[in-house]
Amino acid sequence: MSDHDPQHPAVRPRTAVLTRGFDPSLSLGSARPAVFRSSTYVFASPEAAEQAFAITTGKIKPAAGERADLIYSRFSHPNAEILEDHVVPLEAGARHAAVFNSGMAAIMTAFFACARPHTSIVYTTPLYGGTTGLIHQFLEPFGLRGIPVAAGDTAGIDAAIAAAADCSIVFIETPANPTLIMTDIERAAIAAVRHPNHPVVMVDNTFLGPTFQHPLELGADLALYSATKYLAGFSDMLGGVAIGASEELIRKIRSRRSMFGNILQPDECWMLDSRLPTVALRMNRQSKNAQRLAEALAGNKHLERVIYPTLFEDPEQRRIFEKQCAFPGGIFSIEFRGGKPAAFEFLRHLRLARSAVSLGGVESLTCHPKSTTHSGMSAAELEASGVTDGLVRISVGIEDWRDLLADFEQALEALG
Ligand SMILES: *Cc1c(COP(=O)(O)O)cnc(C)c1O
């Protein structure tokens, strides 16, 4: 696992993702891992069973390089271990990972591992709808206090963290969906370190990670993913990942996962594992396509604005983008002057990009957030987040960008 391990010389992420995390000799020499569907694992001796339980339950610490024998697949299984070892090199600064059966499962389990009773959680708004629901409908009724702060408000986030009494978690989603507002991860991490409670800093890195943004290098404790999106990349499975540098933190999260039973299943682990070596290739193509499209559509007479990092005008947003993101990514949003009727008319005329929620797949998808993904927000929240009647979000795939541009242009022309 470590850079000092002679079995795993230090190589760059795109090499490591192909060379680490899988020992063919443990799969009869097969070049690709086998799928281990067993629900339970046979012990070599009663002492081995005792030792496996002692390590897995945290009663004793494993020796350097020692790994607990497998026990039961709700705790862990070979395909989860292979995937976890494999995903670590993709996230700079990471040393350990835990995989889940959805992005929400990863977020929920991280919350349960780190939230102490009667403490507060500082979080940026807007957040993914599922995460907002988790805070309002579940954590707050349980006695945790949610403290919202506007995404991108660097000074406001500093102040909210400093003022938060009994703070256990700082949760950041950047860029925010669907308006791509960026939050300075490093600044928030510095504020968290200064706080007497040392809240755990979690970043939902689904939109730009693991290729273009690395929260752990910026001081965050945990990067969280909906692997359903770019990591899996083909809109054909659900998954989630929690990645961090601290073995203790990931061990805590895994022990909650063992309780809840929300580990990613062997077949899904195998599928997701096969997608990892191409995630950087896919995301680079998606980002190049999105940049071509966003910049070509900027200034169109039907559009109030095109929202994309290379088109940011606000100096603070430009600063954050340039500081913490390697490339602008595969998502952009457009806002129609004609409001909802124009947005719907545009969506009706698209021939290539389909209308669906979710994002990050190799095919382009569009959605109207206000009437779908963000329909649970109050009028005030929608207003504050910039989710307007005329806003359409586009997740760009790996098609030829010229075909996509022609499709968007003919749908815009259809508006008259
Ligand atoms: C999709 C998504 C999630 C939730 O992930 P699931 O895999 O659907 O559970 C969380 N955060 C962001 C930013 C997402 O886009």
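Chains are numbered independently. Their residues run from 1 in the order of the written sequence. Only residues with pLDDT of 70 or above have their local features reported here, since the model is predicted, and side-chain atom pairs are shown and tallied only from 80 upward, although totals for entire chains, interfaces and linings are computed over all residues. Values shown for side chains rest on all heavy atoms present in the structure; no hydrogens or waters enter the calculation.

### Some details on the packing of helix 4 (residues 103–114) against helix 8 (residues 247–260)
Interaxial distance between helix 4 and helix 8 falls to 9 Å at its minimum, and their mutual angle equals 115 degrees. For the element pair helix 4 / helix 8, the angle class is roughly perpendicular. Crossing geometry of helix 4 relative to helix 8 is assigned as right-handed. Each of Met108, Thr109, Ala110, Phe112, Ala113 and Cys114 in helix 4 lies in contact with helix 8, whose residues at this interface are Leu249, Lys252, Ile253, Arg256, Arg257 and Phe260. Broken down by class, the residue content of the contact of helix 4 with helix 8 amounts to 8 nonpolar, 1 polar and 3 charged. Every angle, taken between N-to-C directions, lies between 0 and 180 degrees, and every axis is a line fitted to C-alpha atoms, over only the stretch in contact when it is a helix. Only DSSP runs of H or I covering at least 4 residues are called helices, and only runs of E covering at least 2 are called strands; the numbering of each starts at the N terminus. Should an angle fall under 35 degrees it is called roughly parallel, over 145 degrees roughly antiparallel, and 65 to 115 degrees roughly perpendicular, with every other angle called oblique. Here a crossing is called left-handed whenever its near helix is offset anticlockwise from the far helix by less than a right angle, and right-handed whenever the offset is clockwise. Only heavy atoms enter the contact rule, under which two residues are in contact if any of them lie within 4.5 Å. Three categories are distinguished: nonpolar for Ala, Val, Leu, Ile, Met, Phe, Trp, Tyr, Cys and Pro, charged for Asp, Glu, Lys and Arg, and polar for the others, with Gly belonging to the last.

### Quick word on the packing of aromatic side chains
Within 6.5 Å between ring centres, the rings of Phe, Tyr and Trp (the latter by its six-membered ring) count as paired, and their orientation is classed by plane angle as stacked under 30 degrees, edge-to-face over 60, tilted in between. What the rule picks out here adds up to 11 aromatic pairs. On the numbers, 5.8 Å between centres and 70 degrees between planes, the contact of Tyr72 with Phe75 is edge-to-face. Summary of the burial criterion: residues with accessible area below 20% of their type's maximum are buried, those above 50% are exposed, and those between are partly exposed, where the area comes from a 1.4 Å probe applied to protein chains only. We classify Tyr72 as partly exposed; its relative accessible area is 36%. Here the aromatic rings of Phe112 and Phe260 are separated by 5.5 Å at their centres, their planes lie at 75 degrees, and the arrangement is edge-to-face. Of this pair, Phe112 sits in helix 4 while Phe260 sits in helix 8, and the two are 148 residues apart along the sequence. Here Phe112 falls in the partly exposed class, since its relative accessible area comes to 27%. Phe260 gets classed as partly exposed once you look at its relative accessible area, which sits at 35%. An aromatic cluster is built from Tyr308, Phe332, Phe336, Phe346 and Phe408, whose rings are joined through pairwise contacts.

### So, the site of the ligand
As a structural note, the neighbourhood of the ligand is formed by 13 residues, with Met104, Asp204, Ser226, Thr228 and Lys229 the closest of them. Note on areas: these come from Shrake-Rupley sampling with a 1.4 Å probe, and a residue is covered only by the protein chains present in the view. Burial of the ligand by the protein amounts to 93% of the accessible area it has alone, namely 380 Å². In terms of residue count, the dominant contributor to the shell around the ligand is helix 4 (3 residues). The residue inventory of the shell around the ligand, partitioned by class, reads 4 nonpolar, 6 polar and 3 charged. One heavy atom suffices: a residue is near a molecule or strand as soon as one of its heavy atoms comes within 4 Å of it.

### Brief notes about the nonpolar core
To define a nonpolar core, start from buried Ala, Val, Leu, Ile, Met, Phe, Trp, Tyr and Cys residues and group those joined through side-chain atoms within 4.5 Å. Core analysis: the biggest nonpolar cluster contains 39 residues, and Leu231, Val241, Ile243 and Leu272 have the highest contact counts within it. A per-element tally of this core places helix 3 (residues 78–87) first, with 3 residues. Boundary definitions for the domains trace back to an automatic or database domain assignment. Counting the residues that make up this core, at least three belong to each of domain 1 (13–278) and domain 2 (279–413). Contact partners of Ile243, with chain neighbours within four places excluded, come to Val87, Glu91, Ala94, His96, Ala97, Leu216, Asp221, Leu222, Ala223, Tyr225 and Ile250. Formed by 26 residues, the second largest nonpolar core is a distinct cluster that contains Ala110, Tyr123, Leu134 and Met202.

### Looking at the environment of Ala232
If you trace the backbone, Ala232 turns up in the loop between strand 6 (222–226) and strand 7 (240–244). Distance from Ala232 to Pro315, taken between C-alpha atoms, is 34 Å for residues 83 residues apart in sequence. The contacts of Ala232, once residues within four sequence positions are left out, are Ala227, Met237, Leu272, Arg275 and Arg282.

### Overview of the pairing of strand 1 (residues 96–100)
Extensive coverage of strand 1 is indicated by the burial of 5 of its 5 residues. Relative to strand 7, strand 1 is paired through 5 bridges, and the arrangement is antiparallel. When the sheet's bridge partners are listed, Ala97 is paired in strand 7 with Ile243. When DSSP locates at least two bridges between a pair of strands, those strands are taken to pair.

### Focus on the pattern of salt bridges
Salt bridges are identified by distance alone: a Lys or Arg side-chain nitrogen within 4 Å of an Asp or Glu carboxyl oxygen. Inspection of the entire model under this criterion finds 18 salt bridges. The residue Glu84 makes a salt bridge to Arg257 at a minimum N-O spacing of 2.8 Å. One end of the pair, Glu84, is in helix 3; the other, Arg257, is in helix 8, with 173 residues separating them in the sequence. In the salt-bridge network here, residues are joined through shared partners; they are Asp184, Glu186, Glu316, Arg319 and Lys323.

### Focus on the layout of surface pockets
A volume near 1900 Å³ is recorded for the largest pocket. Glu66, Arg67, Ala68, Glu81 and Arg254 are, among the 50 residues lining the largest pocket, the residues nearest its centre. Looking at the lining of the largest pocket, the elements that each hand over two or more residues are helix 2 (46–56), helix 3, strand 1 and helix 8. Of all the elements, helix 8 adds the most residues to the lining of the largest pocket, at 8 residues. Residue composition of the lining of the largest pocket, grouped by class: 20 nonpolar, 14 polar and 16 charged. Grid spacing is 1 Å over the protein atoms alone, the probe is 1.4 Å, and a cavity is where that probe fits but cannot get out, while a pocket is an open set with protein on both sides within 12 Å along at least five of seven lines and lining residues have an atom within 4 Å of a point. Grid points are joined across faces, edges and corners, and a volume is the space filled by probe spheres set on the points.

### Some details on helix 2
Along an α-helix, residues three or four apart share an orientation, since each turn contains 3.6 residues. Restricting attention to buried positions, one finds in helix 2 the residues Ala48, Ala49, Ala52, Ala54 and Ile55. Looking one or two residues beyond helix 2, the residue adopting positive phi is Gly58, at roughly 85 degrees.

### Observations regarding the sheet that holds strand 8 (residues 303–307)
A sheet is described by the order of its strands in space; here 5 strands give the open sequence 8-9-12-11-10, paired in mixed fashion. The outermost strands of the open sheet, each flanked by one partner alone, are strand 8 and strand 10 (354–355). Strand direction decides the pairing type here: strand 8 and strand 9 (residues 331–336), joined by 4 bridges, are antiparallel. Following the sheet pairing, Leu303 is matched in strand 9 by Phe336. Packing against the sheet, helix 10 (residues 279–297) makes contact with strand 8 and strand 9, and its axis sits at approximately 20 degrees to strand 9.

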